[in-house]
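Read off the chains here:
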Amino acid sequence: MNSVTYIANDRYAFEVAALTAILRAILDERIAAHPRPTDPAEAYERVHVALRAARFVDLGEPRVINGRVEPEYHGDLVEALATLEPDAVTGTIEADQVKLTLAEVGVILPLSEKEGEIVTALDI
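Residues numbered from 1 in each chain as written. Predicted model: local features only at pLDDT ≥ 70, side-chain atom pairs only at ≥ 80, totals over all residues. Heavy atoms only, no water.

Visitor: Hey, could you run me through the packing of aromatic side chains in this one?
Guide: When we look at a pair of aromatic rings, we describe it by the centre distance and by the angle of the planes. Throughout the structure, instances matching the rule amount to 0 aromatic pairs. For Arg-68, the ring lying beneath its charged end belongs to Tyr-44, and the centroid distance is 3.6 Å. (Phe/Tyr/Trp six-rings, centres within 6.5 Å; stacked < 30°, edge-to-face > 60°. Lys NZ or Arg CZ within 6 Å of the ring centre and 35° of its normal.)

Visitor: Help me understand helix α2 (residues 40-54) in this model?
Guide: Because an α-helix completes one turn every 3.6 residues, residues spaced three or four positions apart along the sequence face the same direction. Helix length check: α2, at 15 residues, gives a terminal C-alpha distance of 22 Å against a target of 21 Å (1.5 Å per residue), a fit within 8%. When α2 is considered as a whole, its buried residues turn out to be Ala-43, Tyr-44, Val-47, His-48, Ala-50, Leu-51 and Ala-54. One side of α2 carries all its buried residues, which in axial view fall inside an arc of 165°. For α2, the exposed residues set more than 90 degrees away from the buried face come down to Val-49 and Ala-53. Looking at the packing, one finds that the buried side of α2 touches α1 (9-33), β3 (68-70) and α3 (75-82). With its phi angle positive at about 60°, Arg-55 sits one or two positions after the end of α2. (Helix = DSSP H or I, 4+ residues; strand = E, 2+ residues; numbered from the N terminus. Expected span 1.5 Å × (residues − 1). Buried < 20%, exposed > 50% of the residue type's maximum accessible area, 1.4 Å probe, protein only. Arc of directions from axis to C-beta. Contact = heavy atoms within 4.5 Å.)

Visitor: What should I look at first to understand the environment of Tyr-44 in this one?
Guide: With respect to the helices, strands and loops of the structure, Tyr-44 is situated in helix α2. For the pair Tyr-44 and Arg-63, spaced 19 residues apart in sequence, the C-alpha separation works out to 14 Å. Sequence-distant contacts of Tyr-44, that is, excluding residues within four places in its chain, are made with Arg-68, Val-69, Glu-70, Pro-71, Gly-75, Val-78, Glu-79 and Ala-82.

Visitor: Teacher, can you tell me more about unusual backbone geometry here?
Guide: Comment: phi is negative for the bulk of residues other than glycine, and the bulk of peptide bonds are trans. In this structure, Arg-55 is a non-glycine residue whose phi angle is positive, near 60°. Topologically, Arg-55 is positioned in the loop between α2 and β2 (63-65). On the accessibility criterion, Arg-55 (70% relative accessible area) is exposed. At Val-107, a position not held by glycine, the phi torsion is positive, near 55°. Topologically, Val-107 is positioned in the loop between α4 (95-104) and β4 (108-110). Overall, the relative accessible area of 13% leaves Val-107 in the buried class.

Visitor: Help me understand the environment of Ala-41 in this model?
Guide: With respect to the secondary-structure elements, Ala-41 resides in helix α2. With 21 residues separating them in the primary sequence, Ala-41 and Pro-62 have C-alpha atoms 15 Å apart.

Visitor: Would you mind going over the environment of Glu-45 with me for this structure?
Guide: Along the chain, the position of Glu-45 falls in helix α2. Looking at Glu-45, the relative accessible area reads 48%, which means it is partly exposed.

What follows is the structure in structure tokens.
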């Protein structure tokens, strides 16, 4: 099981917004290409790059497995984000879906969720 990672609230909000925008762009491209199928590996790769650039989770060294660049750690988080389905009501990827995936799969939460614990400078 992954240990809990807390991120400063403003950075967490920024990263959620960035990931949501990337996932919405991927969805829009899939819709525009319909009925031609899109490559699911591309979504995985774009989410992987976004998480690696954000640097709020340690993905370890990149490695090539079966012709796909994968992270050493947290591949399950990359996969979960890359395969998010659009919200049934709005028809798009919502920030709440990204937050839920970060929490459930990556165990990544905003610092405001760290209740009852003393926050040190190293935690921020």
